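# Structure assessment
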Amino acid sequence: MTTENENQRMANEHAEIAARMGHVKHKILVLSGKGGVGKSTVAANLALSLASRGAKVGLLDVDLHGPSIPQLLGVSASPEHVITSDDETALLRPVSAGPNLCVMSTAFLLEDRDAAVIWRGPMKHKVIKQFLKDVAWGDLDYLIVDSPPGTGDEPLAVVQLLENATGAVIVTTPQELAISDVRKCVDFCRKLALPVLGVVENMSGFVCPSCGERVDVFKSGGGESMAASLKVPFLSRIPIDPLLVKAGDDGTSYLECFPETETAQAFETAIAKIVSKTEPTEDVGEQNKRRDEMMIAIPLTDGKLSAHFGHCETFAMIETDKENKSITSTEMVEPPPHEPGLLPRWLAEKGATMIIAGGMGSRAQNLFKQQKISVVVGAPADSPEAIVSAYLKGALVSGENVCDH
Ligand code: ADP
C-alpha cells in the first residue's frame, strides 16, 4: 500500500472514531502508576454511580492484560455482532451491566480467559481503535476508560485516538512507592494536554469495624500532598473495606449495597467532584434567582442551622411569598428517627421544595433531587428566619459544604 493510501486510510479511521465519539459527551480515563491500587475498582464504581444518577454510561476496559471490569460488574456475556442499518458496518454491541450502563472489555473477546495475552504495540493500538470505532456505544453522557497501569501504549493510544478526552482520574495508594508514579501519570497527562480531573488516594487507612479505630495500613495523606505539590485537584481518600473486595469478587455494586460506609461516602465525594467538573451544578447564586413557590426546610439544633442535617433536632418548615420576598409562616416539626434515605422522602411528603443546609454529602443531595427538593449547602449557623430572609433577598452567603462526603 502506498503511503498516500495509508494516510487516507488513517484519516478515514480517525474520522470514523470522531463520528462515533461525537455521541459521547464526556470521555474520562482512569489511570494509575502501578497495578493493584484499585484503578479498576474506582473505574467500575465511578461508572455505576454515574449510571445510578441517571447518566448514560459506557465503561471501556482496555486493561488488555488484566481485564477485570466484567468480573467487578458481574457480567460475562460475549457481545453479539450487530449490523447498523446506515453504513452496513459490523459493530460490536456492548454488554449491559444494568440500567444506563454498558461495558466493553477485551475479556469478552478472549476465548480462553485464563490465557496470557501477548500483543505487541501495533496490535494493542488496533484493538483499542476497534473499541472506539466499532462498538455500538450509542449516545452516552460518559465513557469511562479503564486503562492498564502505567503510561505505556494503551493509555497513549486512547488519548491520541480520542483527541478530545475530557480528562483523567489518577488512582494511587498512599505509600511513597506508589505515589512517586503519580508524578509520571501527571507528566503523561501534561505532555498530552489531557486535563487531570484529580487524584484519588485509595486504600487510605482501615477503620476497624468493631472498635472504629483507624489504622493507616499504607500510611495516609501521601496522595493528597503529592496532588498539592503537583497542583492537581485531590478528589478523595478512600479507606480499605473488605466488603469492597467481596463486592468485586461477587460482581455486585458496593455503593448500592453499603451506601453508609465511610468507604462508600469517600467514593461519592470523589464522584461528586468529578461530576461537578464535567457538569457544573447549580450554585447558590443560580438558585437564588430561581424563586418558584417555596416551602423551605431548615435543619436545626438549638434553634440554629445544624451542620449535620441527618441528626438535627427539628426542621423549620418555612413558607415564603415569592412576590414580596417574605416569610408567610414557620412551623417547627420533629423529624423521624434517623434512617438512611428517609429524610428526603419525609420532607417531600411535608411539601418541602428546598432544603438549606450547612453540609450534605453528594448521595443525600441526589436523594433530595430525586424528590424534586432543591438543595443549597454551605449556609451559616444562623436562625432559620435569618437564613431564609437572606436567601429570598439573594443575599445568602454560602461557605464551604461542611460535610462534603
Ligand atoms: P487495579 O485496577 O489498580 O489493578 P483493582 O481495582 O483490580 O486494582 O483492585 C485490586 C484489588 O484490591 C481488588 O481485589 C479490589 O477489590 C481491592 N480493592 C481496591 N480498592 C479497595 C479498597 N478501598 N478496600 C479494599 N479493597 C480494595
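What comes next is a walk through the structure. Fair warning: this is a prediction, and the values are worked out from it, not measured in the lab. (Residues numbered from 1 in each chain as written. Predicted model: local features only at pLDDT ≥ 70, side-chain atom pairs only at ≥ 80, totals over all residues. Heavy atoms only, no water.)

As a further point, take the overall build of the chain. From N to C terminus, the chain includes 14 helices and 17 strands. Out of the 405 residues in the chain, the part that is buried amounts to 49%. Restricting to contacts in the chain with at least 6 residues of sequence separation, those with at least 24 account for 70%. Here the chain has roughly 19000 Å² of accessible surface; of this, 51% comes from carbon and sulfur atoms. (Helix = DSSP H or I, 4+ residues; strand = E, 2+ residues; numbered from the N terminus. Buried < 20%, exposed > 50% of the residue type's maximum accessible area, 1.4 Å probe, protein only. Contact = heavy atoms within 4.5 Å. Areas by Shrake-Rupley, 256 points an atom, 1.4 Å probe, with all protein chains shown as cover.)

For an α-helix, 3.6 residues make a turn, and residues three or four places apart therefore share a direction. When you tally the buried positions in helix 5 (residues 153-162), you get 7 out of 10 residues, the bulk of the element. Regarding helix 5, the residues found buried are Glu154, Pro155, Ala157, Val158, Val159, Leu161 and Leu162. Within two residues after helix 5, Glu163 carries a phi angle of roughly 65°, on the positive side.

A few words now on the environment of Thr41. Here Thr41 is to be found in helix 2 (residues 39-52). Residues Thr41 and Val171, 130 residues apart in the sequence, show an inter-C-alpha distance of 9.8 Å. Contact partners of Thr41, with chain neighbours within four places excluded, come to Leu72, Leu244 and Phe267.

Counting across every chain of the model gives 3 aromatic pairs. On the numbers, 5.9 Å between centres and 55° between planes, the contact of Phe315 with Trp346 is tilted. Pair noted here: Phe315 is in strand 14 (residues 314-321) and Trp346 is in helix 12 (residues 342-349), with a separation of 31 residues, a long-range link. The same class applies to Phe315 and to Trp346, which are both buried. (Phe/Tyr/Trp six-rings, centres within 6.5 Å; stacked < 30°, edge-to-face > 60°.)

Turning next to unusual backbone geometry. With the exception of glycine, most residues fall at negative phi, and the peptide bonds are largely trans. Of note in this structure, Asn100 is not a glycine but carries a positive phi near 70°. Here Asn100 is to be found in the loop between strand 5 (95-96) and strand 6 (101-105). At Ala193, a position not held by glycine, the phi torsion is positive, near 55°. With respect to the helices and strands, Ala193 occurs in the loop between helix 6 (176-191) and strand 9 (196-207). When its relative accessible area of 67% is taken as the criterion, Ala193 is described as exposed.

Here we take up the site of the ligand. Near the ligand, the surroundings consist of 15 residues, among which Gly36, Lys39, Ser40, Thr41 and Asn202 are the closest. Note that an oxygen atom of the ligand is positioned 2.8 Å from one of the backbone N or O atoms of Gly36. In this structure, an oxygen atom belonging to the ligand sits 2.9 Å away from a main-chain N or O atom of Gly38. When the ligand is considered free in solution it has 560 Å² of accessible area, and contact with the protein chains removes 81% of it. Listed by contribution, the elements that provide at least two residues to the shell around the ligand are helix 2, strand 9, strand 11 (234-240) and helix 8 (242-250). Residue composition of the shell around the ligand, by class: 7 nonpolar, 6 polar and 2 charged. (Near = heavy atom within 4 Å. Polar contact = N/O pair within 3.5 Å; in protein donor to acceptor, adjacent residues only side chain to side chain. Nonpolar A, V, L, I, M, F, W, Y, C, P; charged D, E, K, R; others polar.)

For strand 1 (residues 24-32), the tally of buried residues reaches 8 of 9 residues, placing the bulk of the element in the interior. Bridge count between strand 1 and strand 8 (residues 167-172): 5 bridges; the pairing is parallel. Residue pairing across strands places Val30 opposite Val169, the latter belonging to strand 8. (Pairing = 2+ DSSP bridges.)

Further remarks concern the nonpolar core. Judged by nonpolar contacts, the single largest core of 84 residues is most densely connected at Leu73 and Ile144. Residues in contact with Leu73, not counting those within four places in the same chain, are Ala44, Leu48, Leu59, Ala97, Leu101, Val103 and Gly251. Phe309, Met317, Trp346 and Ala364 belong to the second-largest nonpolar core, a separate cluster that totals 19 residues. (Core = buried A, V, L, I, M, F, W, Y, C linked by side-chain atoms within 4.5 Å.)

Time to look at the environment of Val57. Positionally, Val57 belongs in strand 2 (residues 57-61). Assessed through its relative accessible area of 1%, Val57 is described here as buried. Sequence separation between Val57 and Asp141 is 84 residues, and the spatial gap between their C-alpha atoms is 6.0 Å.

With that settled, the discussion passes to the pairing of strand 6. With 5 of 5 residues buried, strand 6 lies mostly within the body of the structure. What you see with strand 6 is no split at all: Leu101, Val103 and Ser105 on one side and Cys102 and Met104 on the other are buried throughout. Strand direction decides the pairing type here: strand 5 and strand 6, joined by 2 bridges, are antiparallel. Pairing of Ser96 across the sheet is with Cys102, part of strand 6. What sits between strand 5 and strand 6 in their antiparallel hairpin is a turn of 4 residues, with Gly98 showing a positive phi close to 115°.

A separate point is the packing of helix 2 against helix 10 (residues 262-278). Two elements in contact, helix 2 and helix 10, have axes separated by 10 Å at closest approach and are oriented at 65°. Classified by the interaxial angle, the pair formed by helix 2 and helix 10 is roughly perpendicular. The chirality of how helix 2 crosses helix 10 is right-handed. Across from Thr41, Val42, Asn45, Leu46, Ser49 and Leu50 in helix 2, the residues of helix 10 making contact are Phe267, Glu268, Ile271, Ile274 and Val275. Across the contact of helix 2 with helix 10, the residue classes tally to 7 nonpolar, 3 polar and 1 charged. (Axes fitted to C-alpha atoms, helices over the stretch in contact; angles between N-to-C directions. Parallel < 35°, antiparallel > 145°, perpendicular 65-115°, else oblique. Left-handed = near helix turned anticlockwise from the far one by under 90°.)

Nothing here speaks to function; it is all geometry.
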